[in-house]
Amino acid sequence: MDFLIFKAPMLMVQASLDGILLGILFALIAYGMALQWGVMNIINIAQGDLVILGGYIAYTMYLAGIHPAWGVIVSPIIMFFVGWALYKLVINKVVDRDLFISILATFGIAIVFQQLMNFIFGADVVVAQSEYGTTMLFDNSVTLPNSKIFSAFISVLYAVALVIYMKKSRLGRAIRATAQNARAAKILGVDTEKVYAATFGINAALCGIAGALISITLTLHPYVGLPYTVRSFMIVIVAGLGNLPAVAVSGMGLGLFEEFADYILGTEFRIGAVFMLLVFILVYRRFKLSKKREYLK
Amino acid sequence: MNKVKQKDLILYSSLIILGLAAPYLFSAFKVQLTYLCVLIVLAMTWNLQGGEMGYNTFGNILFYGLGMYLTASVQVGMFFPLAEWTESGGEKTFVHTTAQYFQGIGVGLLVSAIVPAIVAGAIGYAILGLRGHYFAICTLGLGIAAGEIAGGIEIIGAGQGFTTPPFPAEIVDTEARGKFFYFLSFALLIGTFIFVKYIYGSRFRLILNAIRDNEDKAEAMGIQTMKYKIVGWMCSAFFCGLAGGIMGGLIGYIDSTDVAFDGREMGVFMVLMAILGGKGTLWGPVIGATLFHFFKEGLWTLILGWQYVALGVLIVVIVVYFPEGLMGWLREKYPERFGEVIDEKDRKAQVELK
């Protein structure tokens, strides 16, 4: 094995730390996906593009001279309304339909979003400078940008806050009731239409937070949304719907996989590796289930 | 019965004559017509999966791109070292003679039909075991992964792309190149149409429909569903590979994500065209592809820059409001013309129930 990473053990520490911190961010996006999938039974291909849009909101603030870290508060608020509007315009017409219809419809939305972002923000790769500096560990052999630590911290904070909100608040209970049985919830007086809109809004808001964090830790580009969709989809099918600890763990696992794939296969195959992992996970689950003569549902 | 056949005969022969005459009638639009043929082929083969079998695939683009790379690689590799060709950007150092060019493209197309079919057969058992949206997402991932991976492989040009051999310069006729690719794609279109029409009249189609309607029951009836699913996918891969090979030669330049494994354009187009025309019908994809192509070519020059926004909106509108497509709409309006007999009593009873 002639890979650099196996020769220098410190690189492994570096990759692991990077992977875990990145994975927490992925888990946040995946949590939003699990939420809407569980409640509304739609798969949102535009998830990644909502993330990127949230990132561009933070980037716009950065250009205006405001510190981009404030994006984690402003971006979810704006994105909540974007999500709400999106629900009212398109998503409410595909909720009760075949899942493939929702996939295609949100694919269309994703294309529109990509192109509009391309018009407004340009096709350059951009990053918002947080200027948080870096932390050096182990005799300066491992460098850790403070922005990554910050983003992981904020992700955990928001995830915990959302879990508590879903458990305690009235809307949270309505959302959970609708997820269990939309018809029964409707009979008992829950305005499911409103619940759906709120769910999609919350999902978009989570994407907004993640996007704002991505704008300071990684890079933004109008066309990189789809990998985020696929990552969150992957995390959700591994972890299952509505199992938050599992979402966090599989998010970190995905982050680790990506960082190691980056070192071993080379950066040019990173996205390819993510998509291949998706195929492998699905095929693995399919073979595992087919032993019991079942299939993924 | 005889009368119906005669009508069909007139229809088909007039269409073939129109197809053969088209490059002379619309001499300036030969490239567009070639595109149209390829789009129809892609929509028809997608319809075999999405419409007939109920497996909504985004992955047929995989075979299309594979065919494109294979044809070009074989065409170059038969006569020249492939690595040097892609490194130097092609034509400057090596020149195909006329005979070499046609030999190369002939063998290349053969390979680009067979290899994707074999690939489909090889991955079919694993992938086709997935159902519904898992299958859709998995094939979407497969198509994009293929593009990303092809963009990292040095010998086929990696990120900088692959220039396919230029049309032999010895043929001075300026029209020859367009005509050659048009007739090639038209032949492919006819071949695909005959094949799909044959399938539509066969037991194979009934089995595919049974899989679509209820796979578990089909299996319980003793149909080896997996076998038929794989064969169906291999048929699609065969024609998609050929279509890709022809398009590679026509475009003259292969980029991994923008031309070959172009999930964002071609991959969505084929789904959209089949749905627009009406999936699960013989003529639906043909009509859908034709309409879509006219719409695209007519409108896209007017709204230059906004075409992707228009495309996205179009997808949403078609999918949300016309999921049954044009043929589905016609079928609802004129059920008699599709050989459906409606019992008047039954209809009245239904109305009363409402």
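Cut-offs and rules
Residues numbered from 1 in each chain as written. Chains lettered and ligands numbered in written order. Predicted model: local features only at pLDDT ≥ 70, side-chain atom pairs only at ≥ 80, totals over all residues. Helix = DSSP H or I, 4+ residues; strand = E, 2+ residues; numbered from the N terminus. Rg over C-alpha atoms; globule rule 2.2 N^0.38 Å. Buried ≥ 20, exposed ≤ 12 C-beta atoms within 10 Å, placed from the backbone. Contact = placed C-beta atoms within 7 Å. Axes fitted to C-alpha atoms, helices over the stretch in contact; angles between N-to-C directions. Parallel < 35°, antiparallel > 145°, perpendicular 65-115°, else oblique. Left-handed = near helix turned anticlockwise from the far one by under 90°. Nonpolar A, V, L, I, M, F, W, Y, C, P; charged D, E, K, R; others polar. Core = buried A, V, L, I, M, F, W, Y, C linked by C-beta atoms within 7 Å. Expected span 1.5 Å × (residues − 1). pLDDT = per-residue confidence, 0-100.

## Examining the overall build of chain B
Within chain B, the regular secondary structure consists of 16 helices and two strands. Its C-alpha radius of gyration of 21 Å places chain B within 12% of the 20 Å reference for a compact globule of 354 residues. Each principal axis of the C-alpha atoms in chain B carries an extent, and together these give about 75 × 45 × 45 Å. Here chain B holds 354 residues, and the buried ones make up 45% of them.

## Here we look at the overall build of chain A
The helix and strand tally for chain A stands at twelve helices and two strands. Since a compact globule built from 297 residues should have a radius of gyration of about 19 Å, the 19 Å found for chain A is in line with a globular shape. Projected onto the principal axes, the alpha-carbon positions of chain A cover approximately 65 × 55 × 35 Å. When each of the 297 residues of chain A is scored for burial, the buried share is 49%. Intrachain contacts of chain A at a sequence separation of at least 6 include 76% that bridge at least 24 residues.

## With respect to the packing of helix 2 (residues 9-40) of chain A against helix 11 (residues 244-265) of chain A
Residues and elements named next belong to chain A. Between helix 2 and helix 11, whose axes approach to 6 Å, the crossing angle comes to 135°. The angle between helix 2 and helix 11 falls in the class oblique. Viewed along their axes, helix 2 and helix 11 form a crossing whose handedness is right-handed. Considered class by class, the residues forming the contact of helix 2 with helix 11 number 18 nonpolar, six polar and three charged.

## Topic: the interface of chain A and chain B
Tallying the contact residues gives 34 residues for chain A and 32 residues for chain B. Among the elements of the structure, helix 5 (99-121), helix 10 (225-239) and helix 12 (270-290) of chain A are those that each provide at least two residues to the side of chain A that touches chain B. Top element by residues in the side of chain A that touches chain B is helix 5 of chain A. It accounts for 13 residues. Of the residues belonging to the side of chain A that touches chain B, the class tally is 27 nonpolar, four polar and three charged.

## Description of the nonpolar core
Among the nonpolar cores identified, the biggest contains 193 residues, and Leu 42, Ala 243 and Ile 315 of chain B are the most heavily contacted of them. The biggest single contributor to this core is helix 2 of chain A, with 17 residues. Leave out the neighbours within four places in its chain, and Ile 315 of chain B touches Leu 104, Phe 107, Gly 108 and Ile 111 of chain A together with Val 268 and Leu 272 of chain B.

## A few points about the environment of Leu 39 of chain B
Residues and elements named next belong to chain B. Relative to the assigned elements, Leu 39 resides in helix 2 (residues 30-53). The class for Leu 39 is buried, based on 26 C-beta atoms found within 10 Å. With 146 residues separating them along the chain, Leu 39 and Ser 185 place their C-alpha atoms 9.9 Å apart. Dropping the residues within four chain positions of it, Leu 39 is found in contact with Phe 269, Met 273, Ala 289 and His 293.

## Describing helix 5 of chain A
In this model helix 5 of chain A runs 32 Å from its N-terminal to its C-terminal C-alpha over 23 residues, within 8% of the 33 Å that 1.5 Å per residue would give. Of the residues flanking the end of helix 5 of chain A, it is Gly 122 of chain A, one or two places downstream, whose phi is positive at about 85°.

## Structural notes on the confidence of the model for chain B
In this model, chain B carries an average pLDDT of 83, and 92% of its residues clear a pLDDT of 70 or more. Both scores are available for the predicted complex, with the pTM at 0.86 and the ipTM at 0.83.

## Considerations on the environment of Leu 299 of chain B
Residue and element names in this part refer to chain B. Locating Leu 299 in the fold gives a position in helix 13 (residues 284-300). Residue classification places Leu 299 among the partly exposed positions, given that 14 C-beta atoms sit within 10 Å. For the pair formed by Leu 299 and Ala 310, sequence separation is eleven residues and the distance between their alpha carbons is 9.3 Å.

## Digging into the packing of helix 12 (residues 266-277) of chain B against helix 15 (residues 325-333) of chain B
Residues and elements named next belong to chain B. In contact at an axis separation of 2 Å, helix 12 and helix 15 are set at 10° when each is read in the N-to-C sense. As the angle between them shows, helix 12 and helix 15 are arranged roughly parallel. Between helix 12, through Ile 275, Leu 276 and Gly 277, and helix 15, the contact on the second element is made entirely by Gly 325, Leu 326 and Met 327.

## Quick word on unusual backbone geometry
All names here are of chain A. You will see that Asn 41, though not glycine, has its phi angle at about 55°, which is positive. Position of Asn 41 relative to the elements: it lies in the loop between helix 2 and helix 3 (47-63). According to the C-beta neighbour criterion, Asn 41 is partly exposed, with 16 such atoms within 10 Å.

## Structural notes on helix 14 (residues 307-321) of chain B
Relative to the 21 Å expected for 15 residues at 1.5 Å per residue, helix 14 of chain B spans 20 Å between its end C-alpha atoms, a close match to the ideal helical length. Among the residues of helix 14 of chain B, Leu 311, Gly 312, Leu 314, Ile 315, Val 316, Ile 318 and Val 319 of chain B are the ones counted as buried. Looking at the packing, one finds that the buried side of helix 14 of chain B touches helix 5 of chain A together with helix 12 of chain B.

## Section: the environment of Gly 298 of chain B
Here Gly 298 of chain B lies in helix 13. Placed 26 residues apart in sequence, Gly 298 of chain B and Glu 324 of chain B show a C-alpha to C-alpha distance of 24 Å.

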